[in-house]
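# A closer look at the structure
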Amino acid sequence: MQHVTLNNGVEMPILGFGVYQIPSDSTERAVTEALTAGYRLLDTAAAYGNEEAVGRAIRNSGIPREDLFVTTKLWVQDAPAQDNARRALETSLAKLGLDHVDLYLMHQPYGDVYGQWRAMEAATGEGLARAIGVANFYPDRLLDLILNNEITPQVNQIETHPFFQRTADHDLMREHRVQHQSWGGFAEGKNDLFTHPVLGRIGEAHGRSVAQVVLRWLIQRGVVTIPKSVNPDRMAQNIDVFDFRLTDDQMSTIAALDTGATLFFDHRDPEMVAWLSQRRLEG
Ligand code: NAP
């Protein structure tokens, strides 16, 4: 497994396993299969409702804690966010059955963002999270957070796939040493990604699937990726991407597929801000 080094020196696998939309009663089995397939980075969130199942799979695996990289996320917290965010992290740790996470992400750029960030800075200082970061921050919000706080986020996890490549975001993150992490690397199959003719032709040239081409493209851009699958064959296929390389021409061909637009939702859309902010979680 290839790793990236975060801006605080922590090493993070460049490829991991995402558990969004896996029902909690299937998550333990899926994570167990993913760990058997060789995944060591697990990406969950308080909002996914499956932290306990992820924790059970970790405990039952017998894999030493230091060999795993576990990410969870803080849901939107109101002021006083410093107290609320601290309680939310303690709740996540209790559900996961861990005394620390490797990465704690602010899930959305909403609510008392500064209060949330200060709580996360304090938590990492106490060793409850080895690294802290954000998700769904567009460049303006990210730069504001960087310029007005002590700790520069180690990671920004954003929608990134061949149809929405985030090149300006990527460049800004590079400049400030924030690791770009992709969510929805397959665009959840939207735009017929898995049967896309251009990606298919590149795959044929390497004897690889479209999924493998997409993951390889992300890795060669230096983007951390966390494909989700409940299918063991696909889990195995998705981690088997370290023994081939896309050519510069193939990278340029994929670069031309960028539409510059989200296939999900824009976090700057007032309707989305209202909807996501109303979706409060307990604890
Ligand atoms: P994704 O990884 O882009 O796509 C998952 C879909 O692709 C599933 O339907 C899966 O089906 C299918 N798939 C997986 N491997 C395949 C293969 N080799 N061939 C064909 N189909 C394949 O979607 P995602 O789950 O939304 O994103 C990945 C992770 O990012 C999430 O699990 C979560 O951890 C994180 N995420 C974060 C945020 C955020 O706001 N921070 C938002 C969304 C997601 P099967 O399961 O049936 O194989």
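Check the entry above for the structure.
First, a word on what this report is: a plain description of the structure on this page.

## So, the pattern of salt bridges
Evaluation of the coordinates by the stated rule reveals eleven salt bridges. A salt bridge links D43 to K73, with the shortest nitrogen-to-oxygen separation between them at 2.6 Å. Here K73 lies in strand 5 (residues 69-74) and D43 lies in strand 4 (residues 41-43), a separation of 30 residues in the sequence. K73 gets classed as buried once you look at its relative accessible area, which sits at 0%. Ionic pairing is found between R86 and E90, a salt bridge with its closest N-O pair at 2.8 Å. Residue R86 and its partner E90 are both found in helix 3 (residues 81-96); the two are separated by four residues, about one turn of the helix. Salt bridges sharing common partners tie together R65, D102 and R130.

## Considering the site of the ligand
In the vicinity of the ligand, 27 residues are found, and the nearest of them are D43, Q157, E188, S229 and R234. In the environment of the ligand, an oxygen atom lies 3.0 Å from a nitrogen or oxygen atom belonging to the backbone of Y20. Within the complex, the protein chains bury 88% of what would otherwise be the 910 Å² of accessible surface of the ligand. Here the element with the most residues in the shell around the ligand is helix 9 (residues 232-239); it accounts for three residues. Class assignment for the residues of the shell around the ligand results in twelve nonpolar, ten polar and five charged.

## Concerning the nonpolar core
Ranked by size, the top nonpolar core spans 81 residues in total, and within it M12, L15, F17, V31, Y104, L199 and L246 carry the most contacts. Looking at this core, the element that brings in the most residues is helix 8 (residues 210-220), giving eight residues. If we ignore the near neighbours within four places in the chain, the residues touching L246 are I202, H206, V213, R216, W217, Q220, M251 and I254.

## A few points about the environment of L15
You can see L15 is positioned in the loop between strand 2 (11-13) and strand 3 (17-18). L15 sits 87 residues away from D102 along the chain, and the two C-alpha atoms are 14 Å apart. Excluding residues within four positions of it along the chain, L15 makes contact with M1, Y39, L41, L215, I219, T225, P227, N238, I239, V241 and F242.

## Description of the sheet that holds strand 6 (residues 101-106)
Ordered by their spatial adjacency, eight strands build an open sheet running 3-4-5-6-7-8-9-10, and the pairing between neighbours is parallel. A strand with exactly one partner marks an edge of an open sheet, and here the two such strands are strand 3 and strand 10 (224-225). With five bridges connecting them, strand 8 (residues 155-159) and strand 9 (residues 179-183) associate as parallel partners. Looking at the pairing, N156 lines up with H180 of strand 9.

## Points about the packing of helix 3 against helix 4 (residues 113-125)
Running from N to C, helix 3 and helix 4 cross one another at 50°; their axes reach a closest spacing of 8 Å. By the angle between their directions, the pair helix 3 and helix 4 is classed as oblique. Helix 3 and helix 4 meet at a crossing whose hand is right-handed. Contacts from A81, Q82, A85, R86 and L89 in helix 3 reach G115, Q116, R118, A119 and A123 in helix 4.

Rules used throughout
- Residues numbered from 1 in each chain as written.
- Predicted model: local features only at pLDDT ≥ 70, side-chain atom pairs only at ≥ 80, totals over all residues.
- Heavy atoms only, no water.
- Salt bridge = Lys/Arg side-chain N within 4 Å of Asp/Glu carboxyl O.
- Helix = DSSP H or I, 4+ residues; strand = E, 2+ residues; numbered from the N terminus.
- Buried < 20%, exposed > 50% of the residue type's maximum accessible area, 1.4 Å probe, protein only.
- Near = heavy atom within 4 Å.
- Polar contact = N/O pair within 3.5 Å; in protein donor to acceptor, adjacent residues only side chain to side chain.
- Areas by Shrake-Rupley, 256 points an atom, 1.4 Å probe, with all protein chains shown as cover.
- Nonpolar A, V, L, I, M, F, W, Y, C, P; charged D, E, K, R; others polar.
- Core = buried A, V, L, I, M, F, W, Y, C linked by side-chain atoms within 4.5 Å.
- Contact = heavy atoms within 4.5 Å.
- Pairing = 2+ DSSP bridges.
- Axes fitted to C-alpha atoms, helices over the stretch in contact; angles between N-to-C directions.
- Parallel < 35°, antiparallel > 145°, perpendicular 65-115°, else oblique.
- Left-handed = near helix turned anticlockwise from the far one by under 90°.

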